[in-house]
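Results of the structural survey
Letter by letter, the chains look like this.
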Amino acid sequence: RCLSDWSSDVCSSDLGPGDTVWLHGGRYIGRFDSRLQGTEANPIVVRQWPGERATLAGNVARGVGAVLNVFGAWTIYRDFGVTNISSNRGRGSDFRPMGIEVQAPHTKFINLIVYDTGIGFGVWDKAVAAELYGNIIYNSGSENTPSDKRHGHAIYAQNKDGTKYIRENIRSEEHTSELQSLRHL
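Heads up: these notes are all about the structure in this document.

1. Things to note about the environment of Gly99
Secondary-structure assignment places Gly99 in strand E10 (residues 98-102). Of the residues examined, Gly99 reaches a relative accessible area of 0% and is grouped as buried. As a C-alpha pair, Gly99 and Leu56 span 43 residues in sequence and 9.2 Å in three-dimensional space. Aside from chain neighbours lying at most four places away, what touches Gly99 is Ala66, Val67, Leu68, Val82, Val114, Thr117, Ile119 and Gly120.

2. Thoughts on the pairing of strand E9 (residues 81-84)
Put simply, side chains in a regular strand alternate between the two faces of the sheet. Residues Gly81 and Thr83 of E9 are buried on one face, and the alternating residues Val82 and Asn84, pointing to the opposite face, are buried as well. As judged from the 4 bridges shared by strand E6 (residues 54-58) and E9, these two strands associate in the parallel manner. Note on E9: the bridge partner recorded for Ala57 is Thr83. Across 3 bridges, E9 lies against strand E12 (residues 113-115) in parallel orientation. Of the residues in E12, the one forming a bridge with Gly81 is Ile113.

3. Describing the sheet that holds strand E15 (residues 136-138)
Strand order in this open sheet of 6 strands is E3-E6-E9-E12-E15-E20, and the pairing throughout is parallel. The sheet is open, and its two borders are formed by strand E3 (26-29) and strand E20 (170-172), each paired with just one other strand. Each strand of the sheet is rotated relative to its neighbour by a mean of 15°, with strand direction disregarded. Across 3 bridges, E12 lies against E15 in parallel orientation. Bridging across to E15, Val114 finds its partner in Ile137.

Conventions adopted
Residues numbered from 1 in each chain as written. Predicted model: local features only at pLDDT ≥ 70, side-chain atom pairs only at ≥ 80, totals over all residues. Heavy atoms only, no water. Helix = DSSP H or I, 4+ residues; strand = E, 2+ residues; numbered from the N terminus. Buried < 20%, exposed > 50% of the residue type's maximum accessible area, 1.4 Å probe, protein only. Contact = heavy atoms within 4.5 Å. Pairing = 2+ DSSP bridges. Axes fitted to C-alpha atoms, helices over the stretch in contact; angles between N-to-C directions.

As structure tokens, this is what we get:
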């Protein structure tokens, strides 16, 4: 199915396993929560229309969550951009929002460009068997409180069960370390 506009309400009610969400070229401003639910045999795919450039763009200097918050399993996100267009990176009480927050198992993020966000990818312990492949992540982070002066990893991953696959991603210009991974017992 081809959607000319991003709407998670439309997507979640109209899409099923095996469907593809095509993002037409343009900048989609807002916070996007995806609860798309595919299956192992028939994942849902979210990607940009061939030959066009689609970008999800947050416009918040400080806050929780991300530009794209992923809560549904068996979904593949590929070939589009995620950014935060707020120019404010100065000190504040909260962090700059992430580019992509992954809270769902069995999701894939392939050939995305994530830039000008807080953490590029936050891949939490619920994201069992998540895969990040071929992504370009740059200019992550912001200044924060005087005691936590800089924050912004390209990829921040937690793991409790299973395996996460983080391969062949390009990361540069982060405010802190490029990759941080924690195992929770």
